[in-house]
Protein chains: 2
Amino acid sequence: MSEIVTAAILAIGDELLSGRTKDKNIAYLASFLTLKGIDLKEARIVSDDQDAIVKAVNELRSEYDYVFTSGGIGPTHDDITADAIAVAFGVGINHDPRAMAILEPHYKARDMEFTTARKRMARLPDGSELIENKVSMAPGFHIGNVYVMAGVPAIFQAMVDALAPGLKSGVQLLTKSIDSPFGEGTIGDGLTTIQKAHPETAIGSYPRFDGENYTTQILVRSRSEDAADAAIAAIAQLFEELGKKN
Amino acid sequence: MSEIVTAAILAIGDELLSGRTKDKNIAYLASFLTLKGIDLKEARIVSDDQDAIVKAVNELRSEYDYVFTSGGIGPTHDDITADAIAVAFGVGINHDPRAMAILEPHYKARDMEFTTARKRMARLPDGSELIENKVSMAPGFHIGNVYVMAGVPAIFQAMVDALAPGLKSGVQLLTKSIDSPFGEGTIGDGLTTIQKAHPETAIGSYPRFDGENYTTQILVRSRSEDAADAAIAAIAQLFEELGKKN
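Remember, it's a predicted structure, so these values are computed and weren't measured experimentally.

So, how was this worked out
Residues numbered from 1 in each chain as written. Chains lettered and ligands numbered in written order. Predicted model: local features only at pLDDT ≥ 70, side-chain atom pairs only at ≥ 80, totals over all residues. Heavy atoms only, no water. Helix = DSSP H or I, 4+ residues; strand = E, 2+ residues; numbered from the N terminus. Rg over C-alpha atoms; globule rule 2.2 N^0.38 Å. Buried < 20%, exposed > 50% of the residue type's maximum accessible area, 1.4 Å probe, protein only. Lys, Arg positive; Asp, Glu negative; His and termini not counted. Charge placed at Lys NZ, Arg CZ, Asp CG, Glu CD. Contact = heavy atoms within 4.5 Å. Salt bridge = Lys/Arg side-chain N within 4 Å of Asp/Glu carboxyl O. Polar contact = N/O pair within 3.5 Å; in protein donor to acceptor, adjacent residues only side chain to side chain. Nonpolar A, V, L, I, M, F, W, Y, C, P; charged D, E, K, R; others polar. Pairing = 2+ DSSP bridges.

1. Some details on the overall build of chain A
Looking only at helices and strands, one finds 9 helices and 11 strands in chain A. Rg of the C-alpha trace for chain A: 23 Å, well past the compact-globule value of 18 Å for 246 residues, more than 25% over. Along the first, second and third principal axes, the C-alpha atoms of chain A reach 75 × 45 × 35 Å. With 246 residues in all, chain A has 54% of them scored as buried. In chain A, 24 positive and 34 negative side-chain charges are present, and the distance between their average locations comes to 2 Å.

The following block contains the structure:
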């Protein structure tokens, strides 16, 4: 039960690297995976470029248990994620009968033409499984340990909800926090000593700057509640001692 | 003058991957570099882990003209970016006399102890140049093509402002936009034809979904204004024709 499960996210899209669009999917997935006990170890953003996508997917899928991608699965010429995933896995790509069976009646019922562009959304790498969702008719898909989802945040989130039950969970990392009225420079030496004395924890120090003064939030992460509590107690004592001196 | 200048950003910090903190520096740098005519090709986020930082820095600095990092240069034990950069470049790391000369009088004037933790902020890889800034006394630094900055957004931005004059600029990519009242499925086939006929442009299609209906924003990027205008005219004509049909 102490297995560590790891993941990476790859966000795909020129617009994320030009500053036009702020990515929202990385932060959403980060929070989701933390609750699930899965360690998000790395995030990458690359442009709509096949070589860049293939390289990133192959590096990340060999390194982590899960890879989640966002973006590039729509109906237009610049939606190239499915093709890139097929290249990364060395498989063919075809109109998937299950995806066609979802999309065709959808457009027929609305008296909309099932254009070549719309059919493009049913093209999946051979061997993929669909990720259906309640917001968009066009499915995401997964192949091996790679989960391919839409970039539009509402659809990305619906797809994450849909695939969640199938993911294996790790032991959740506990996080306890304590606020410091002092800046990092004041508490740094004491924290270093406490970190060394509490090796079962990872103590993170996060400076806050209001334009004039620094304060700090301390987060203690551990897979053992006792270890986290002991570190928090030591840090509280450090702050009390510093309060008498300063 | 048609040189393409490329860059990557590496954001460093456990808190960005746990969902606790939303990264703001990637989007800021993306907008800044776009104005400067530098192509941001990739963004990565890694945790406060020396091996992960070293690997990412070495991959990115060999691939792009510039690498910008954010985070991990403060005074506490979990601030390990400077050490990781020294390892990545295979150089030593020492208290830099120029950085010490900035920090020491700063704390002395405020009657604050120049603690081991605070001195830590003056430790720079051998061969580094300082990135001074107006918000924080503690400098960032650059070595080779790698620029190392603070994670706190106000300080990151001040450091970007400070280093900007020293960067070489490329030819700025022009972006023109046109809004489509249609979803991507309706315009996709026509856009594919237009993209093929206008190879000097990159046509990006960005779906918007209000929970019920799809519309689309089209961005045409090019280093030639004439080429961008010609593609925009062709797209406007496509929308006019579709408007008559739909």
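2. Here we look at the interface of chain A and chain B
Residue-level contacts link 56 residues of chain A with 56 residues of chain B. Remark: the boundary between chain A and chain B carries 4 salt bridges. Residues Asp14 of chain B and Arg221 of chain A are paired through a salt bridge, measuring 3.6 Å at the closest nitrogen-oxygen approach. Between the two partners, chain A and chain B, sit 24 residue pairs in polar contact (both at pLDDT 80 or more). By residue number, the principal contributor to the side of chain A that touches chain B is helix α8 (residues 184-197) of chain A, which donates 8 residues. Looking at side-chain class alone, the side of chain A that touches chain B contains 21 nonpolar, 19 polar and 16 charged residues. Two elements, strand β2 (residues 38-46) of chain A and strand β2 (residues 38-46) of chain B, share 5 bridges in a ladder whose sense is antiparallel.

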